Amino acid sequence: MVSPINNQNNPNSVSVKRCFKFEKMVCVDLVFDKTTNTIQSIKITGDFFLHPEETIDLIESELVGTKLEKDWVKKKLESLLSGCEFYGFSIDSLSYAIIRCKEVDSH
Amino acid sequence: MNMAIDEYLMTHVTDTPIFRIYGWSNPCVSIGYFQSIEDIDFQKCRIEAVDVVRRITGGGSVFHEKELTYSFVSRKYPPKIIDSYQEICQIIVSGLNTLDIDAKFSPLNDITVDGKKIGGNAQTRKNGVLLQHGTILLEVNKEKMFSLLKVPIEKISDKKIPDAKYRVSQVSKTFDQVAKSLKDSLKLVFGCQTVPTKLKQNELESCKKIAKDKYSNPNWTLKR
């Protein structure tokens, strides 16, 4: 786990990286705006499987601007992962991982 | 070049599946499509003259040195991910069993002997074609392997054995012995004939181009 880092350019930005062991490893590198509670950038890495693989780029770009609340994130992931095959995480667990990054900041 | 050949085969396979057996001219670390480059010690790889390549398949990082590597490319495969790994890994398990190695398929994508990993597998699927590549460790230098690969603490925290290197083993057979066992196993598992082939010169040229444009390109290797 990487400790939260405040972005010098935007004092409201917080950067957190956390890794989770689901069926496979999933690491979330998240920058979010703590005032608006929205995702500014996100990178999802790990040893999971997702077909087609390029879907990950779409997920990362489409999540930008999304409210950092489980229902919002989950709804977005359900839509983006529709028709994809994946192993190592579920939509619920990936949503949980993303939201947990925010909770690190609040501790 | 190895990853380029696998990609080339994937885009040129006919209705006849391809099973390719290969080794590595230089030690190499391959990282999965979704992995961060920070999951390996990139600097140490450079110092130790170990190549680094990003795969088109998911899964974890692999240190390729004294091993047999294979790829299976097919237009016919079970749609469910776990079923496809099980079916293709049966080639490996049956082959190793004929060498008196008590190999087992360990879902999702490992081959184990006595509970220790001796091989891993990774898949991609594109345009109705499945590519699975995998490894069988013939001889393993665990110290070197785990000095190059970073195993996240979260990955080993729920294991009974805390140190990842105690969960890895080797088959202690020669490349040729294992290669022959896999060829025989293909006939046994699929009930098919195998026809040995080599890439033609023009095909090799195409592979070299893929290797140069993609797999040697830092934009690809460092993309995540």
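Preceding this paragraph is the structure being described.
Residues numbered from 1 in each chain as written. Chains lettered and ligands numbered in written order. Predicted model: local features only at pLDDT ≥ 70, side-chain atom pairs only at ≥ 80, totals over all residues. Heavy atoms only, no water.

Colleague: Give a detailed account of the sheet that holds strand S1 (residues 18-22) of chain B, specifying residues and quantitative values.
Modeller: Residues and elements named next belong to chain B. An order of S1-S5-S9-S8-S7-S6 is seen for the 6 strands of this open sheet, with the pairing classed as antiparallel. Looking at strand neighbours, the two that pair on one side only are S1 and strand S6 (103-106), the edges of this open sheet. Within the sheet, the average angular offset between the axes of one strand and its neighbour, ignoring direction, is 20°. Helix-sheet contacts for helix H1 (residues 2-12) involve S1, strand S5 (67-74), strand S8 (116-126) and strand S9 (129-137), and the interaxial angle to S1 is about 170°. Sitting on the sheet, helix H3 (residues 81-97) is in contact with S1, S5, S6, strand S7 (110-113), S8 and S9, with an inclination near 135° to S8. (Pairing = 2+ DSSP bridges. Helix = DSSP H or I, 4+ residues; strand = E, 2+ residues; numbered from the N terminus. Axes fitted to C-alpha atoms, helices over the stretch in contact; angles between N-to-C directions. Contact = heavy atoms within 4.5 Å.)

Colleague: Before we move on, could you go through the interface of chain A and chain B and cite the residues and values that matter?
Modeller: With 23 residues of chain A at the contact, the number on the chain B side is 26 residues. Surface buried jointly by chain A and chain B totals about 2100 Å² across both partners, of which 55% is contributed by carbon and sulfur atoms. Between the two partners, chain A and chain B, sit 7 salt bridges. Two residues, Glu60(A) and Arg224(B), come together in a salt bridge whose shortest N-O distance is 2.3 Å. Seen at the junction of chain A and chain B, the total is 8 residue pairs in polar contact (both at pLDDT 80 or more). Where the side of chain A that touches chain B is concerned, the elements lending two or more residues are strand S2 (13-21), strand S4 (38-46), strand S5 (49-51), helix H1 (55-62) and strand S6 (85-87) of chain A. Ranked by residue count, the leading element in the side of chain A that touches chain B is S4(A), at 4 residues. Across the side of chain A that touches chain B, the residue classes break down as 10 nonpolar, 3 polar and 10 charged. (Buried area = accessible area lost by both parts, 1.4 Å probe. Salt bridge = Lys/Arg side-chain N within 4 Å of Asp/Glu carboxyl O. Polar contact = N/O pair within 3.5 Å; in protein donor to acceptor, adjacent residues only side chain to side chain. Nonpolar A, V, L, I, M, F, W, Y, C, P; charged D, E, K, R; others polar.)

Colleague: Which residues make up the nonpolar core, and what values go with them?
Modeller: Counting 50 residues, the largest nonpolar core has Leu77(A) and Ile98(A) as its most contacted members. Contacts of Ile98(A), omitting those with residues within four sequence positions, involve Val28(A), Leu30(A), Ile39(A), Ile42(A), Leu63(A), Leu68(A), Val73(A) and Leu77(A). Formed by 30 residues, the second largest nonpolar core is a distinct cluster that contains Phe19(B), Ile101(B), Ala103(B) and Phe105(B). (Core = buried A, V, L, I, M, F, W, Y, C linked by side-chain atoms within 4.5 Å. Buried < 20%, exposed > 50% of the residue type's maximum accessible area, 1.4 Å probe, protein only.)

Colleague: Break down the packing of H1(A) against helix H2 (residues 70-80) of chain A for me, with residues and values.
Modeller: Residues and elements named next belong to chain A. Their axes nearest at 11 Å, the elements H1 and H2 cross at an angle of 150°. Classified by the angle their axes make, H1 and H2 are roughly antiparallel. In this structure, H1 crosses over H2, and the sense of that crossing is right-handed. Residues Thr55, Leu58, Ile59 and Glu62 of H1 form the contact with H2, whose own contacting residues are Lys76, Leu77 and Leu80. Of the residues that constitute the contact of H1 with H2, the class distribution is 4 nonpolar, 1 polar and 2 charged. (Parallel < 35°, antiparallel > 145°, perpendicular 65-115°, else oblique. Left-handed = near helix turned anticlockwise from the far one by under 90°.)

Colleague: Which residues make up H1(B), and what are the values?
Modeller: Counted residue by residue, H1(B) has 9 buried out of 11 residues, so it is predominantly covered. Taken residue by residue, H1(B) has Asn2(B), Met3(B), Ala4(B), Ile5(B), Asp6(B), Glu7(B), Tyr8(B), Leu9(B) and Met10(B) as its buried positions.

Colleague: A description of the packing of H3(B) against helix H6 (residues 175-190) of chain B should follow, citing residues and the corresponding values.
Modeller: Residues and elements named next belong to chain B. Remark: H3 packs on H6, axes separated minimally by 8 Å, with the N-to-C direction vectors making an angle of 125°. In terms of their interaxial angle, H3 and H6 are classed as oblique. At the point where H3 passes H6, the crossing takes the right-handed sense. Residues Glu87, Gln90, Ile91, Ile92, Ser94, Gly95 and Leu96 of H3 lie in contact with H6, whose contacting residues are Val178, Ser181, Leu182, Ser185, Leu186, Val189 and Phe190. Its residues placed into classes, the contact of H3 with H6 shows 8 nonpolar, 5 polar and 1 charged.

Colleague: Explain unusual backbone geometry to me, and be specific about the residues and the numbers.
Modeller: In this structure, Pro52(A) follows His51(A) across a cis peptide bond, with omega equal to -5°. By secondary structure assignment, the location of Pro52(A) is in the loop between S5 and H1. Positive phi outside glycine occurs at Asn37(A), with the angle close to 60°. Within the fold, Asn37(A) resides in the loop between strand S3 (25-33) and S4. One non-glycine residue, Asn127(B), lies in positive phi territory at about 50°. The class for Asn127(B) is exposed, based on a relative accessible area of 77%.

Colleague: Please provide a residue-by-residue account of the packing of aromatic side chains, values included.
Modeller: Tallied over the entire structure, the rule returns 13 aromatic pairs over all chains. Here the aromatic rings of Phe20(A) and Phe22(A) are separated by 5.8 Å at their centres, their planes lie at 5°, and the arrangement is stacked. The burial state of Phe20(A) is the same as that of Phe22(A); both residues are buried. Between the aromatic rings of Tyr33(B) and Trp220(B), the centroid separation amounts to 5.8 Å while the plane-to-plane angle is 65°, which identifies the pairing as edge-to-face. Of the two residues, Tyr33(B) is situated in the loop between strand S2 (28-31) and helix H2 (42-47) and Trp220(B) in helix H8 (residues 218-221); the sequence distance between them amounts to 187 residues. In terms of burial, Tyr33(B) and Trp220(B) fall into one category: buried. Taken together, the aromatic side chains of Phe48(A), Phe86(A), Phe89(A), Tyr33(B), Phe34(B), Tyr215(B) and Trp220(B) make up a single cluster linked through ring pairs. (Phe/Tyr/Trp six-rings, centres within 6.5 Å; stacked < 30°, edge-to-face > 60°.)

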